[in-house]
Amino acid sequence: MGKIVLFMHTSLDGFAAGTKGEMNWIHVDQEIFDFVEERIAQTNTALYGRVTFQMMESYWPTAAEQPDASKHDRVHAAWYKTAHKVVLSNTLNQATFTNTTVISKDYAAALHKLKEETTGDILLFGSPTAAHTLLSENLIDECWLFVNPVLLGAGIPVFKNIKEKQSLKLLKTHVFSSGVICLQHEVQHEN
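Here the structure is a predicted model, which is why all the values come from computation and not from measurement. (Residues numbered from 1 in each chain as written. Predicted model: local features only at pLDDT ≥ 70, side-chain atom pairs only at ≥ 80, totals over all residues. Heavy atoms only, no water.)

Participant: Pulling in residues and values, what's your account of unusual backbone geometry?
Facilitator: One non-glycine residue with positive phi stands out, namely Asp106, at about 45°. Given the relative accessible area of 53%, Asp106 is considered exposed. In the Ramachandran plot, Asn138 falls in the positive-phi region, its phi being about 55° despite a non-glycine side chain. Tracing the backbone shows Asn138 in the loop between helix 6 (128–136) and strand 7 (142–148). (Buried < 20%, exposed > 50% of the residue type's maximum accessible area, 1.4 Å probe, protein only. Helix = DSSP H or I, 4+ residues; strand = E, 2+ residues; numbered from the N terminus.)

Participant: Hey, could you go over the nonpolar core for me, with residue numbers and the actual values?
Facilitator: Counting 26 residues, the largest nonpolar core has Phe7, Tyr48, Phe53, Trp79, Tyr80, Phe125 and Phe146 as its most contacted members. Of all elements in the fold, only strand 1 (3–11), helix 1 (30–40), strand 3 (45–49), helix 2 (50–57), helix 3 (60–63), helix 4 (71–82), strand 6 (121–125) and strand 7 reach the threshold of two or more residues within this core. Once residues lying within four places of it in the same chain are set aside, the contact partners of Tyr80 are Tyr48, Phe53, Met56, Glu57, Trp60, Pro61 and Lys85. Counting residues in each nonpolar core, the second largest holds 24 residues, with Ala16, Val86, Leu114 and Cys143 among its members. (Core = buried A, V, L, I, M, F, W, Y, C linked by side-chain atoms within 4.5 Å. Contact = heavy atoms within 4.5 Å.)

Participant: Can you lay out the side chain of His185 for me, pointing to particular residues and giving the numbers?
Facilitator: Residue position: His185 is located in strand 10 (residues 181–188). In this structure His185 touches Asp141, Glu142, Cys143, Leu168, Lys169, Leu170 and Leu171, once residues within four positions along its chain are discounted.

Participant: I'd like a rundown of the environment of His76, residues and numbers included.
Facilitator: Structurally, His76 can be placed in helix 4. The spacing of His76 and Glu37 is 39 residues in sequence and 7.2 Å in space, taken between C-alpha atoms. Aside from chain neighbours lying at most four places away, what touches His76 is Glu37, Ile40 and Trp60.

This is the structure we're talking about:
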């Protein structure tokens, strides 16, 4: 059975984006790319909200073909091309996209079924609105938060719509030379 792993950048004060969706405060560099690519290579399923998926679709399908493509662009574009993409959206047409499943209703039941049918992890990239939906249904099994050393003061929170207390167990931490810290937590689901 698969598990859903939230992969998200956050400010130190807990925001996934600024008040208008700004993400220009997120620090990424080759050290972080290498760390993330090693983790991503262990799975073949990606989960997105509509906004993040459309942002990914506008870049990754052709990123490796660009003359100035970085090593990260080439590696991640190859993974993105083969990964099964699952999108939570009420407006997208599944037939428009390759290797993509669009879930448009009853997210909880559909995601429980996806977890049952998936071997390995399902990585939820960014997508704070989708994360809020999954958190409200207690569907997230792990959180990989990349804490950036910045305070935004306001914005789109990482955690929202949590109906009851969810205990987490810290599994690992990783400190990057930039000051970004990856915190890996496992959600302790109540039985």
